[in-house]
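Structural description and commentary
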Amino acid sequence: MNLDFSQIVPYIPFMLKGIWVTLKFVVFSISIGLLLGTILALCKITNVSILKWLADAYTSVFRGTPLILQLMIIYYAVPQLIGYDISAFLSAILAFGLNSSAYVSEIIRAGILAVDRGQVEAAQALGVPYPKMMVHIILPQALKNILPALMNEFITLTKESAIVSVIGYLDLMRRAEIVGAKIYRNFEPLLFAGIIYWVMVFILTQIGKRIERRMRQSD
Amino acid sequence: MIKVEQLVKKFGENTVLKQISTTIEQGEVVAIIGPSGSGKSTFLRCLNLLEEPTSGDIWVKGKKITDPKTNKLAMREQIGMVFQHFNLFPHMTVLDNVTYAPQKVKNISKTDAEEKAYELLEKVGLTEKANTYPNKLSGGQKQRVAIARALAMNPEIMLFDEPTSALDPEMVKEVLDVMKDLADSGMTMVVVTHEMNFAKEVADQILFLDNGKLIEKGNPTSFFSSPQTDRAKYFLDKVLS
């Protein structure tokens, strides 16, 4: 056994900064994923076939190709077409947000379909317009049922965020790699990063549980 | 109040309603009876366009609601509906269930909506349940809340789709009593029901449907004592024995 954690001590502040960097882009990505995912889900359940087709095609493409490929296309390949560089941060939130929305849309679609048909009829019979019915009646009930699945998606996203290190974005993972290269020891910084990821996911899980409890009030 | 002409509803190849024509006057209580699968509920659901008629026309208060230009939402504000399975909003308290539509559809202030809601909850005897969630209520209580919710929109017509069919026997009466009060207050009501006693006592007009056809209509006294068709005779023999 040859472990020496004292060597990473000077680099701890550098690595801890990675938490903020990772969190920042995870929060943005989740927000994009949730918003776009909801819109896509609504497109999938309409009777407008063009919207349905577009949403399905979108999901097919973003679920059917590797996330790392999508990330690299946005960061390296798209600038070649448009002539501007896209920052690592923007590339990261775009890739993760767009990718996540494909998965989230399927989760939300399933959640909406699981809400009793009678709820729609009751709202219609009261003259409630479609947007209000969705926002106040259908989505809150759908959300309650899909919360565990949604939390799962967010947890996956938080962990998978580590692959942004390939485009040089200075997230927690990239920082651990850099420290490893500097001190010629990899186990300690990687273990340290691993613990931080675990703690972040743990906190996320607790938040999820709390929200779930609050939503179960009406049970 | 309501006029239906040559109403036809098909689900795919299956014709569920065949050329139904009838009129319902203001303040009238109409009971729709008939065997299961006869199209009673479908007929009722056509009256507020929860089902789109395949052909034929419906007028409500002189307005042709089957006209594609008719504002469906505005029409539905005037027609309350009560469902077999209540369809209360499970994530809202009883009070919120009753005040939701007046606030969000009619833009009535929260205070006014709540005042009206308490009035209605008192009418159906559930004031003390205002802050309870629906799943804590019995079936009969749920259905009474559902009636209050529909009444909160001040409808001129109330549709009831087998309102007591999903209830335990001892809860049927509390719901029927509320409906009787409502009928006495002059509300125009269309009720799909298996409660023959209710139909006999409360209804002004009986519509008897079988296999998608309106085969007999008339006042309850003559319908129940001397039905004109063999089908209705057979049906009444079965259900009244």
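See the structure printed just above.
Residues numbered from 1 in each chain as written. Chains lettered and ligands numbered in written order. Predicted model: local features only at pLDDT ≥ 70, side-chain atom pairs only at ≥ 80, totals over all residues. Heavy atoms only, no water.

Here's the deal with the overall build of chain B
Looking only at helices and strands, one finds 9 helices and 10 strands in chain B. Taking 2.2 N^0.38 as the reference for a compact globule, 241 residues should give roughly 18 Å; the C-alpha atoms of chain B span a radius of gyration of 18 Å, in line with that estimate. With respect to the three principal axes, the spread of C-alpha positions in chain B is 55 × 45 × 30 Å. The proportion of buried residues among the 241 residues of chain B is 54%. A fraction of 66% describes how many contacts in chain B between residues 6 or more apart in sequence connect residues 24 or more apart. (Helix = DSSP H or I, 4+ residues; strand = E, 2+ residues; numbered from the N terminus. Rg over C-alpha atoms; globule rule 2.2 N^0.38 Å. Buried < 20%, exposed > 50% of the residue type's maximum accessible area, 1.4 Å probe, protein only. Contact = heavy atoms within 4.5 Å.)

A look at the packing of aromatic side chains
According to the stated counting rule, one finds 11 aromatic pairs over all chains in the structure shown. Ring centres of W198(A) and F202(A) lie 5.3 Å apart, and the angle between their planes is 25 degrees; this geometry places the pair in the stacked category. Placement of both W198(A) and F202(A) in helix α8 (residues 187–215) is noted, with a separation of 4 residues, approximately one turn of the helix. By relative accessible area, W198(A) is classed as exposed at 55%. Overall, F202(A) belongs to the partly exposed group, its relative accessible area being 40%. Through pairs of rings, three or more aromatic residues link up here, namely F25(A), F28(A), F89(A), F96(A) and Y169(A). One residue, K24(A), lies across the ring of F89(A), its end atom 5.2 Å from the ring centre. Over the aromatic face of F224(B) sits the side chain of K200(B), whose NZ or CZ is 5.5 Å from the ring centroid. (Phe/Tyr/Trp six-rings, centres within 6.5 Å; stacked < 30°, edge-to-face > 60°. Lys NZ or Arg CZ within 6 Å of the ring centre and 35° of its normal.)

A word on the side chain of S91(A)
Among the secondary structure elements, S91(A) is positioned in helix α4 (residues 88–114). When residues no more than four places from it in sequence are discounted, the contact partners of S91(A) are L71(A), I74(A), Y75(A), I86(A) and I167(A).

With respect to a negative patch on the surface
All names here are of chain B. Where like charges cluster on the molecular surface, the negative patch consists of D112, E115, E119 and E122. Looking at the secondary structure, you find D112 in helix α4 (residues 110–123). For D112, a relative accessible area of 44% gives the class partly exposed. (Patch = residues over 30% accessible without salt bridge, like charges linked within 9 Å, V, L, I, M, F, W, Y side chains within 5 Å. Areas by Shrake-Rupley, 256 points an atom, 1.4 Å probe, with all protein chains shown as cover. Salt bridge = Lys/Arg side-chain N within 4 Å of Asp/Glu carboxyl O. Lys, Arg positive; Asp, Glu negative; His and termini not counted. Charge placed at Lys NZ, Arg CZ, Asp CG, Glu CD.)

What about the sheet that holds strand β2 (residues 14–24) of chain B?
Residue and element names in this part refer to chain B. One open sheet accounts for 4 strands, arranged β2-β1-β4-β5; its pairing is antiparallel. In this open sheet, the two strands that pair with only one neighbour each are β2 and β5 (63–64). Along the sheet, helix α1 (residues 40–47) makes contact with β1 (2–11), β2 and β4 (55–60), crossing β1 at roughly 120 degrees. (Pairing = 2+ DSSP bridges. Axes fitted to C-alpha atoms, helices over the stretch in contact; angles between N-to-C directions.)

Some points on empty space enclosed by the protein
In total, this model carries 1 cavity of 30 Å³ or more according to the counting rule given. Taken as a whole, the largest cavity spans an internal volume of roughly 50 Å³. As for the largest cavity, its lining consists of A122(A), A125(A), L126(A), G80(B), M81(B), F83(B), R149(B) and A150(B). Here the residues of the lining of the largest cavity sort into 6 nonpolar, 1 polar and 1 charged. (1 Å grid on protein atoms, 1.4 Å probe; cavity = no way out; pocket = protein on both sides within 12 Å on 5 of 7 lines; lining within 4 Å. Points joined across faces, edges and corners; volume = space filled by probe spheres on them. Nonpolar A, V, L, I, M, F, W, Y, C, P; charged D, E, K, R; others polar.)

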